[in-house]
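# Examining the three-dimensional arrangement
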Amino acid sequence: MRAVLPLDDAAADLASVGGKGESLARLVRAGLPVPGGFCVTTEAYREFVAAFRDGIDPRDPEGTAALFARHEMPEAIAAEIRRAHAALGDDVAVAVRSSATAEDLPGMSFAGQQDTYLDVRADTLLDAVRRCWASLWNARAVAYRDRQGVPHDDVALAVVVQELVDADAAGILFTADPVTGALDETVINASWGLGEAVVGGLVTPDTLVLRDGAVVSERIGDKTVMTVRTGDGTRERPVPDELRRAPVLTAGQAQELAALGARVRELYGVPMDVEWARRADGTFALLQARPITGLPPRLEEWNDSLRGEYLWTAGNLGEAIPDVMTPLTWTFVRMFIHEAMSASSLPGFDMVGNIGGRFYMNLSVLHTIAAALGMGKRAAATENVFGRLPPGLVVPKVPISRWEIIRRVVPMAVGLQRRVRTNLRAMPAFLAGSRRRCEELRARIAATESGPELAALWEREIRPHVITACQMLEAAGRQGGATLVWTRDKLRRMMGDLDAEAMLSGVNAGGELASLGPVMGLSRLARGEITREEFAAAYGHRGPHEFEVSIPRPGEDPAWIDAQLAGLRELRHDTAALLARQERAREEAWARFAARYPRQEARMRERVRRWAAVVRDREDARSENIRAFWVLRAFALRAGELTGHGDDVFFLHMDELPALLRGDAAALERVPVRRATYERYAALPPYPVLIVGHFDPVRWAADPERRADLYDARGGMAPVSDTVSGFPGAPGVVEGTARVIAAPEQGDRLRPGEILVTTLTNVGWTPLFPRAAAVVTDLGAPLSHASIVARELGIPAVVGTGNATMRIHDGDRLRVDGERGTVELLG
């Protein structure tokens, strides 16, 4: 029997010296700086416990510890340990650490489960080894083995005895980011004194992140405690005031440590967790190394903010796409943008981006085009669509010359005008037949019997219909843009905000406004005027997640309909009553206009009629576009059924799905990584409304001081305003109780007469509006969903505040002034 092995002994394997001992032996043999020492083998442990092994009870850790303490170590083993320690030098202080045979493995670290003893001398060494052996049966270690399914009879404990580094600093190095899973980053934790304060979580260490050998971020911790050597062991002591906020490592030392970490990772071939110490002379020692356990799976990076220093907004279309998108949805959305918003892009620069799975629009492109074409005021008008920018925010421009912009944009604009004229002529027929065509396509999809048949239907009929729907939305959106902005501004100047907004309501009176369709349909369903099947056919495609093809539509979910009907029963005034009240307010406002401007009434009524027609066309085209996305969902579901791959298809791209239907399954290899990436992003809170420059969603989410209104990588952000104000969405003054709601699925928390406060709304929120006394949103603009619907129902609204959900809490008493765009906390 060999009771002791040198650290670098060729026989130092897992069975003989445990996980920690084997790892240290590997480091020493590779020439890495490891303090000298030796291992007390598992054979020595087994010989020691042989006399009382049957008396060890995993359920009685205190009794087991006493059992170990009562037994003397066999003299032969004790003598070998004393000789090995003497060979290190004259009564050298050592660290005595456990090394179990199930320890420091790729799936199980066992870190901290058994005991460690520091600053041990010859006279206490044998007792420290014996106590280490006993710690194999402490409550922590037993519970950990139970959780990991490791049989107690299968483990034994070696003990690593190493020269104690008289460290002035120590910490942990990770050769991959343990939080984000980034494999190209090294993360170093560093604090003063020995490493036990860091390992034990007693101190907030400095954290440095390195990439490609350079420090890319550094956070200095307030290091209040340090572990130091004393004459009889170690103690925690306060860190001197001058060192608490001082950096432990220089950039050069961090780079030196990262280089050692890279050697360790190369040696093992996997990301590693390395404990290190720095001697007083500035040299480093590696104390142990083990594979990082619980490392997030390898992920893709969905982050278009890395393209450059641009301003991104979640406003407008981002309100309609509020979720982290599956890869299939994102590629469908890209097709939608290409066909429905071609005019908004500068050739060579994408107008839209995917940041952490969420939809954003690049306002830098719009502002660059506007500046180049001498349309600065036009850029300011984008506030009506995308919302206000914070005061003082400088919009970074796209790096391209004015003449190059003109050269690229003019031909595109000419082609767009032709396409819009052609599609406007076809739009009435398209809108009239879209519902029937979508129902036919969904039925055809359900009837397909093979993958190749469905792929052919996609290329021949499904994709062309979706493209047409997108182009019709583009045509509807390009007509009357000046009418929308000019008419509203003109009326506000002539009549004031209150009367202007009343005169602009009534869009629903000339034909059903699509945004109001679901709530109007629910009212008709509640009155028994239509059946559930008729409601689902007419309105079942509209909902809070209507772009995301992996989520069921309300028309597929009877429980959604039941919940909305239950909410309607609580209303003091149903939708029809709200519309009738607003109609009276509208006619009274027109009467005042006629009295003030008798010769202009007819002309202004005609202009407002055109306003209403443009709004209805836009809303109708958007609704039919979403109906086409319901067809896309049916296509994806059927593809999953026919191929037997179920919801894996949502993690493919649009061009990969037809290939799978024809038998090419190569893209399925990417599904696990994409699914893990999606789940990682979906677990994060919604990102800021505005983003400037490079943005890391995971690091932002981990920041306790993160902001939901703005992230500016350039720094210098103004503090969040204490006041809440935004666009006057719909006029009126209301006092009431705030109900802050994160998602429409929480709508049952909104009681009738309360004030709805939320980040954003889309058509899926519409059934909640009749219940609300007022609506306040972070996102939004005068032409956003919340403004249009609130105006029609006569509900006061303030939209685009940027900070409402940061400043308002559930139960706060508020005064909402929808005419001035202010929200006052009443205390």
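Only a predicted model underlies this, so the values are computations on that prediction, with no experimental measurement involved.

It is worth spelling out the overall build of the chain at this point. Along its length, the chain carries 27 helices and 26 strands. Judged by the C-alpha coordinates and their principal axes, the chain covers about 115 × 65 × 60 Å. Burial analysis of the chain (827 residues in total) assigns 56% to the buried set. Considering only contacts within the chain whose residues lie at least 6 apart along the sequence, 68% involve residues at least 24 apart. By element, 51% of the accessible surface of the chain is carried by carbon and sulfur atoms, the whole surface being about 34,300 Å². Distance between charge centres in the chain, computed from 99 positive and 110 negative side chains, equals 9 Å.

Axis separation between helix α21 (residues 575–596) and helix α22 (residues 601–643) bottoms out at 10 Å; the angle between their running directions is 140°. Considering their axes alone, α21 and α22 lie oblique with respect to each other. Read as a crossing pair, α21 and α22 show a hand that is right-handed. Counting all contacts with α21, which are made through Glu587, Trp590, Phe593 and Ala594, the residues of α22 involved are Glu601, Met604, Arg605 and Val608.

Before going further, it helps to examine the pattern of salt bridges. Per the stated rule, a full pass over the model turns up 57 salt bridges. Arg532 serves as the salt-bridge partner of Asp562, at 2.1 Å between the closest nitrogen and oxygen. One end of the pair, Asp562, is in helix α20 (residues 558–568); the other, Arg532, is in helix α19 (residues 532–539), and 30 residues separate them in sequence. Assessed through its relative accessible area of 40%, Asp562 is described here as partly exposed.

The buried fraction of helix α18 (residues 517–526) amounts to eight of the 10 residues, a majority that puts the element mostly inside the structure. Along α18, the residues that are buried comprise Gly517, Pro518, Val519, Met520, Gly521, Leu522, Ser523 and Leu525. Where the residues of α18 are buried, they touch α19, α20 and α21.

The next point concerns the environment of Glu339. Among the secondary structure elements, Glu339 is positioned in helix α11 (residues 327–340). Dropping the residues within four chain positions of it, Glu339 is found in contact with Arg419, Ile467, Cys470, Gln471 and Glu474. Only 2.9 Å separates the side chain of Glu339 from the side chain of Gln471, close enough to count as a polar contact.

Here the chain shows a mean pLDDT of 88. Residues at 70 or above account for 94%. When the elements of the chain are averaged for pLDDT, helix α13 (residues 376–381) gives the smallest value, 58, and helix α23 (residues 656–661) the largest, 96. Per-residue pLDDT stays below 50 along residues 103–112; that stretch engages in 36 contacts with residues further than four places along the chain or on separate chains.

Relative to the helices and strands, Asp778 resides in the loop between β23 (774–777) and α26 (785–793). No salt bridge is formed by the buried Asp778. Its closest oppositely charged neighbour is Arg807, at 10 Å. At a separation of 2.8 Å, a polar atom in the side chain of Asp778 contacts the main-chain amide nitrogen of Ala804. Excluding residues that lie within four positions of it along the chain, Asp778 makes contacts with Thr758, Thr759, Gly800, Thr801, Gly802, Asn803, Ala804 and Thr805.

This part is about the sheet that holds strand β13 (residues 284–291). Two pairing modes exist for strands in a sheet, parallel and antiparallel, and in both the strands are linked by backbone hydrogen bonds. Pairing within the open sheet is antiparallel, and its six strands lie in the order β9-β8-β7-β6-β12-β13. Lying at the two open borders of the sheet, with one neighbouring strand each, are β9 (214–219) and β13. Each strand axis lies, on average, 20° off the axis of its neighbour in the sheet, ignoring direction. As defined by bridge partners, strand β7 (residues 185–192) adjoins strand β8 (residues 206–211) across six bridges and the pair is classed as antiparallel. The partner of Asn189 across the bridge, within β8, is Thr207. Relative to β13, helix α9 (residues 251–268) is tilted by about 40°, and along the sheet it contacts β6 (167–174), β7, β8, β9, β12 (272–279) and β13.

On to helix α12 (residues 363–372), then. In terms of burial, α12 is largely enclosed, as nine of its 10 residues are buried. Buried within α12 are the following residues: Leu363, Ser364, Val365, Leu366, His367, Thr368, Ile369, Ala370 and Ala372. The N-capping residue of α12, defined by a side-chain oxygen 3.0 Å from the backbone nitrogen of Ser364, is Asn362. Positive backbone phi, at 70°, marks Gly374, one or two positions downstream of α12.

A word on the pairing of β9. Pairing between β8 and β9: five bridges, direction antiparallel. By the bridge assignment for β9, Leu208 is matched with Glu218.

What follows concerns the sheet that holds strand β4 (residues 116–120). On the basis of which strands lie adjacent, the open sheet formed by five strands has the order β1-β2-β5-β3-β4 and antiparallel pairing. Edge positions in the open sheet fall to β1 (4–6) and β4, since each of these has one partner strand only. Across this sheet, the average inter-strand angle for adjacent strands is 25°, counted without regard to direction. Where β1 and strand β2 (residues 37–40) come together, three bridges link them in antiparallel fashion. Counterpart to Val4 in the pairing with β2 is Val40.

With five of six residues buried, β8 lies mostly within the body of the structure. Linking β8 back to β9 in an antiparallel pair, the connection comprises two residues, with Asp212 at a positive phi of about 55°.

Nonpolar side chains in soluble globular proteins generally cluster together in the buried interior. Counting residues in hydrophobic clusters, the biggest one holds 93 residues, and the most contacted among them are Leu317, Phe332, Phe336, Phe359, Ile462, Phe547 and Phe635. Apart from residues lying up to four places away in sequence, Phe332 is in contact with Trp458, Val549, Phe629, Leu632, Phe635 and Met654.

Note on backbone geometry: most residues besides glycine have negative phi, and most peptide bonds are trans. The backbone phi angle of Asp212 is positive, close to 55°, even though this residue is not glycine. Relative to the helices and strands, Asp212 resides in the loop between β8 and β9. Non-glycine residue Asn316 carries a positive phi angle of around 60°. Here Asn316 lies in the loop between β14 (311–313) and α10 (317–320).

In total, this model carries zero disulfides according to the counting rule given. Cys470 provides the cysteine sulfur closest to Cys438, a residue in no disulfide bond, and the two sulfurs are 11 Å apart. Owing to a relative accessible area of 2%, Cys438 belongs among the buried residues under this scheme. Owing to a relative accessible area of 0%, Cys470 belongs among the buried residues under this scheme.

Definitions and limits used
- Residues numbered from 1 in each chain as written.
- Predicted model: local features only at pLDDT ≥ 70, side-chain atom pairs only at ≥ 80, totals over all residues.
- Heavy atoms only, no water.
- Helix = DSSP H or I, 4+ residues; strand = E, 2+ residues; numbered from the N terminus.
- Buried < 20%, exposed > 50% of the residue type's maximum accessible area, 1.4 Å probe, protein only.
- Contact = heavy atoms within 4.5 Å.
- Areas by Shrake-Rupley, 256 points an atom, 1.4 Å probe, with all protein chains shown as cover.
- Lys, Arg positive; Asp, Glu negative; His and termini not counted.
- Charge placed at Lys NZ, Arg CZ, Asp CG, Glu CD.
- Axes fitted to C-alpha atoms, helices over the stretch in contact; angles between N-to-C directions.
- Parallel < 35°, antiparallel > 145°, perpendicular 65-115°, else oblique.
- Left-handed = near helix turned anticlockwise from the far one by under 90°.
- Salt bridge = Lys/Arg side-chain N within 4 Å of Asp/Glu carboxyl O.
- Polar contact = N/O pair within 3.5 Å; in protein donor to acceptor, adjacent residues only side chain to side chain.
- pLDDT = per-residue confidence, 0-100.
- Pairing = 2+ DSSP bridges.
- Core = buried A, V, L, I, M, F, W, Y, C linked by side-chain atoms within 4.5 Å.
- Disulfide = S-S within 2.5 Å.

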